[in-house]
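Fold and contact review
What follows is each chain in one-letter form.
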Amino acid sequence: MRILFIWTCMLGLFACNSPKSQSYKIPLEEIEGMFSKMKANGVYTDTILLWGIFFTSDRKDHFDQIAKELKKQNFEFVEIFQADDKSYWLHLERQEIHNAKSLFELDKELYKIADKYKTTYDGFDIGNINKGQPIQRDTYVVPEEFKTIDNSKDDLPYLLVGNTAFDRFPHKAEFCNFVKVTTVFVSNASKTMLPTNEELNELDQFEHTIEMYLKENNIKYYYVFRDTHSGIRNFYIVTNDKIGATKVFNSIKDSKK
């Protein structure tokens, strides 16, 4: 078996080390979730990857027929092997680009082939087209993993939200420049001095606008924290480009928007 660079979450959904009932078919929502997790981990999903597919059965009588049929679709035979539970496995592969929908449509075809030859299609794995090499990924991507803490300060609610995934960021030491952005909102109607739903939407839009400016100027940054208290929202981002980020924020201020 070739060396693959695959996440635990993918293995949990699509691992090929134990047979599944053919009544189970991987739904589009799970495939979409897999692609989302891949992108969140910096995988370049819009490039050519090596997609392995697996069929399993307690007999290998029809494996040659499956391999021959799929060879017409440019799948290459990899191996037939027997697992510890004595079940047989057929492994094929093809180099291609997939998104969630195209992979879902391919799966539907493979389920039909499995039914035709009375075997089980057991899913797929993903590898680099250069076998033995990990899948290319952007190590600067930080997945979003927010945790919320509700506290109090001066007898008013004090809400804190942090992106705990940043703690595992391999380039954390490089991103030592913190930017603090403070926004005042009204909330006269609330004794808690927390934002109304309308103000929440405006605050979120404001933060998205800041992030959009940074992205458009190719500034690497990560949203790490925010706090909300007494009519004030602070949010914090970190960057490894102090000069570039400063220019972006000055341009926002100068625009008077």
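Since the model is a prediction, treat every value here as computed from it, not as a measurement.

Looking at the confidence of the model for the protein
Detailed reading of predicted coordinates is not advised where the pLDDT is low. Mean pLDDT over the protein: 88, with 90% of residues reaching 70 or higher. Below a pLDDT of 50 lies the segment residues 1-21, which in the model reaches 59 contacts outside its immediate sequence neighbourhood of four places, other chains included.

Details of helix α2 (residues 28-40)
An α-helical segment advances 3.6 residues per turn. Residues three or four places apart therefore align on the same side. Helix length check: α2, at 13 residues, gives a terminal C-alpha distance of 18 Å against a target of 18 Å (1.5 Å per residue), a fit within 8%. One or two residues past the end of α2 sits G42, with phi positive at roughly 85°.

Considerations on unusual backbone geometry
Apart from glycine, the bulk of residues carry a negative phi angle, and the bulk of peptide bonds sit in the trans form. In this structure, D155 takes a positive phi of about 65° despite not being glycine. If you trace the backbone, D155 turns up in the loop between β5 (146-153) and β6 (156-163). Classification of D155 by relative accessible area gives exposed; the value is 79%. Of note in the backbone geometry, M193 takes a positive phi value of approximately 60° without being a glycine. One can find M193 in the loop between β7 (177-184) and α5 (197-216). Among the residues examined, M193 registers a relative accessible area of 25% and is labelled partly exposed.

Some words on the sheet that holds β7
Taken together, the five strands give an open sheet; going across it, the order is β5-β6-β8-β9-β7, and neighbouring strands pair in antiparallel fashion. Two strands bound the open sheet, and with one partner strand each, they are β5 and β7. Neighbour to neighbour, the strand axes of the sheet diverge by 15° on average, direction disregarded. Pairing geometry for β5 and β6, over eight bridges, is antiparallel. In the strand pairing of β6, F146 is matched with N163. Its contacts with the sheet put α5 on β7, β8 (221-229) and β9 (232-239), and the angle it makes with β9 is roughly 20°.

Topic: the packing of aromatic side chains
A complete count under the given rule lists 15 aromatic pairs for this structure. Ring centres 6.2 Å apart and planes at 5° place the aromatic pair F81 and W89 in the stacked group. Ring geometry for F169 and F175: centres 5.2 Å apart, planes at 70°, overall edge-to-face. Here F175 falls in the buried class, since its relative accessible area comes to 2%. Between K153 and the ring centre of Y158, over which it is positioned, the NZ or CZ distance is 5.4 Å. Just above the ring of Y140 sits the side chain of K220; from NZ or CZ to the centre is 4.9 Å.

Cut-off values and rules
- Residues numbered from 1 in each chain as written.
- Predicted model: local features only at pLDDT ≥ 70, side-chain atom pairs only at ≥ 80, totals over all residues.
- Heavy atoms only, no water.
- pLDDT = per-residue confidence, 0-100.
- Contact = heavy atoms within 4.5 Å.
- Helix = DSSP H or I, 4+ residues; strand = E, 2+ residues; numbered from the N terminus.
- Expected span 1.5 Å × (residues − 1).
- Buried < 20%, exposed > 50% of the residue type's maximum accessible area, 1.4 Å probe, protein only.
- Pairing = 2+ DSSP bridges.
- Axes fitted to C-alpha atoms, helices over the stretch in contact; angles between N-to-C directions.
- Phe/Tyr/Trp six-rings, centres within 6.5 Å; stacked < 30°, edge-to-face > 60°.
- Lys NZ or Arg CZ within 6 Å of the ring centre and 35° of its normal.

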